[in-house]
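So you can see what is in the structure, the chains are spelled out below.
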Amino acid sequence: MNKTLRHSYFIGNWKMNLGRAEAKELIKGELSELPGDSYRVVLAPPFLLMPLVSDLIGGSSLLLAGQNCYKELKGAFTGEISPLMLKEAGATYCIVGHSERREYFFETNDLVREKIVILLEQQIIPVLCVGETKEEREANRHFEKIKVQLSSVYDSLSKSERAKIIIAYEPIWAIGTGLTASSQQASEMHKFIRDWLASTYGDELAFGTSILYGGSVKKTNAKELFAKEDIDGFLVGGASLNAKDFLAVIVESGA
Ligand code: PGA
């Protein structure tokens, strides 16, 4: 089945970057005039910028995502952000299990699953990040790693919940390093993920799930990666921090 039947996404993950003035600068102009019929463009700013970004993108086709959230709706969880707060700020998506969360903040597969469950309850679409380290790839354990990360989330969900998840394959060795997975390495893993979805849960889920690639995506590699059948868009870090670079990724991809 053709990839045009799935949604394509370009998600800009600002991580812990940009302030109010830079956010305003980035969003004004061309970025907010993107057509967005054949693809969706989503911005994931730091929490404190979310209300501002929500106002700035109002009336455009741009969409808002959280970079993370907690697994509870409210309570004594100092420093955490609830899915309810994301919703109130205008987010319709949330990145979950980014490798930086897993690596620096010790997020486990179990916690990632709990966050996904609560986001789905709140009608926020989770963008589930999976990826292997350089060592795991060198030891040929990359497929197994991804399968465990996926099954620990998918196994406990209902059919309709599974259908809402977006997957982002982000090899850890390619994030922020300037090293990109070759289009062959990326498409091989994307196909592995889609085949796993098909054999475990059926073709409908496999064909309908958007699987994004992330890891040093830029205008010079966007076209080749996006041309691959199983790559439905990108989760972009560094190249999403200014409008020119982010637009170039979208335009070059030919979406
Ligand atoms: P990068 O980050 O594009 O800067 O490699 C991608 C990501 O971490 O989502």
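Before reading further, recall that the structure is shown in the block above.
What you see is a predicted model, and the numbers here were worked out from it, not measured in a lab.

The rules behind each value
Residues numbered from 1 in each chain as written. Predicted model: local features only at pLDDT ≥ 70, side-chain atom pairs only at ≥ 80, totals over all residues. Heavy atoms only, no water. Near = heavy atom within 4 Å. Polar contact = N/O pair within 3.5 Å; in protein donor to acceptor, adjacent residues only side chain to side chain. Areas by Shrake-Rupley, 256 points an atom, 1.4 Å probe, with all protein chains shown as cover. Nonpolar A, V, L, I, M, F, W, Y, C, P; charged D, E, K, R; others polar. Pairing = 2+ DSSP bridges. Helix = DSSP H or I, 4+ residues; strand = E, 2+ residues; numbered from the N terminus. Axes fitted to C-alpha atoms, helices over the stretch in contact; angles between N-to-C directions. Buried < 20%, exposed > 50% of the residue type's maximum accessible area, 1.4 Å probe, protein only. Disulfide = S-S within 2.5 Å. Parallel < 35°, antiparallel > 145°, perpendicular 65-115°, else oblique. Left-handed = near helix turned anticlockwise from the far one by under 90°. Contact = heavy atoms within 4.5 Å. Core = buried A, V, L, I, M, F, W, Y, C linked by side-chain atoms within 4.5 Å. Salt bridge = Lys/Arg side-chain N within 4 Å of Asp/Glu carboxyl O. Right-handed = clockwise from strand over helix to strand, strands pointing away.

Undergrad: How would you sum up the site of the ligand? Please name residues and give values.
TA: Neighbouring residues of the ligand: 13 residues in total, closest Lys15, His98, Glu170, Gly176 and Ser216. Within the backbone of Gly238, a nitrogen or oxygen atom sits 2.8 Å from an oxygen atom of the ligand. In the complex, the protein chains occlude 95% of the 280 Å² of accessible area that the ligand would expose alone. Looking at the shell around the ligand, its residues break down into four nonpolar, seven polar and two charged.

Undergrad: Before we move on, can you summarise the sheet that holds strand S8 (residues 233–236) with the specific residues and values?
TA: Strand order in the closed barrel formed by eight strands is S1-S2-S3-S4-S5-S6-S7-S8, with parallel pairing between adjacent strands. Looking at each pair of strands side by side, their axes are set apart by 25° on average, direction ignored. Looking at chain direction, strand S2 (residues 39–44) and strand S3 (residues 63–66) are connected through two bridges and run parallel. Bridged to Leu43 within S3 is Leu64.

Undergrad: Can you explain the environment of Thr4? Please cite residues and give values.
TA: Examined against the element boundaries, Thr4 turns out to sit in the segment before strand S1 (8–13). Judged by relative accessible area, Thr4 falls into the exposed class, the value being 66%. Sequence separation between Thr4 and Glu229 is 225 residues; the distance between their C-alpha atoms is 9.4 Å.

Undergrad: Please give an account of the state of the cysteines that cites residues and values.
TA: The final tally for this structure, using the stated rule, is zero disulfides. Note on Cys69: no disulfide assigned, nearest cysteine sulfur contributed by Cys94 at a separation of 4.3 Å. Judged by its relative accessible area of 1%, Cys69 falls in the buried class. The thiol sulfur of Cys129 is not disulfide-bonded, and the nearest other cysteine sulfur, from Cys94, lies at 9.6 Å.

Undergrad: An account of the packing of helix H5 (residues 109–121) against helix H7 (residues 142–154) is needed here, citing residue identities and associated values.
TA: At a closest axis distance of 8 Å, the pairing of H5 and H7 adopts a crossing angle of 40°. Relative to H7, H5 is oriented oblique. When you trace H5 past H7, the crossing you get is right-handed. Listed contacts from H7 to Asn109, Val112, Arg113 and Ile116 of H5 are Val148, Gln149, Ser152 and Val153. Split by residue class, the contact of H5 with H7 holds four nonpolar, three polar and one charged.

Undergrad: With reference to specific residues and values, describe the nonpolar core.
TA: Core analysis: the biggest nonpolar cluster contains 63 residues, and Tyr154, Ile193, Tyr213 and Phe234 have the highest contact counts within it. With residues near it in sequence (within four places) discarded, Tyr213 still touches Tyr169, Pro171, Ala174, Thr180, Ala181, Ala186, His190, Leu225, Ile231, Gly233, Phe234 and Leu235. If you look at the next biggest cluster of nonpolar residues, it comprises 13 residues, including Ile11, Tyr93, Ile95 and Val127.

Undergrad: Break down the pattern of salt bridges for me, citing the residues and quoting the values.
TA: Inspection of every chain in the model, using the stated rule, returns 13 salt bridges. Measuring nitrogen to oxygen at the nearest pair gives 2.7 Å for the salt bridge that ties Lys115 to Glu107. The pair Lys115 / Glu107 is uniform in exposure class, with both members buried. Between Glu138 and Lys134 there is a salt bridge, and its shortest N-O distance comes to 3.4 Å. Residue Glu138 and its partner Lys134 are both found in helix H6 (residues 134–138); the two are separated by four residues, about one turn of the helix.

Undergrad: Can you explain the packing of helix H1 (residues 20–27) against helix H2 (residues 50–57)? Please cite residues and give values.
TA: Orientation of H1 relative to H2, taken along the N-to-C sense of each, is 25°, at an axis distance of 10 Å. Here H1 is positioned roughly parallel relative to H2, judged by the angle of their axes. In the crossing of H1 with H2, the sense of the turn from one axis to the other is right-handed. Here Arg20, Ala23, Lys24 and Ile27 of H1 lie close against H2, whose contacting residues are Leu52, Val53, Leu56 and Ile57. Of the residues that constitute the contact of H1 with H2, the class distribution is six nonpolar, no polar and two charged.

Undergrad: Go over the pairing of S8 with me, naming the residues and quoting the values.
TA: Residues of S8 alternate between two faces, with Gly233 and Leu235 on one and Phe234 and Val236 on the opposite face, all of them buried. Direction of pairing for S1 relative to S8: parallel, over a ladder of four bridges. In the strand pairing of S8, Tyr9 is matched with Gly233. For the crossover from strand S7 (residues 211–214) across helix H11 (residues 219–226) to S8, the handedness is right-handed.

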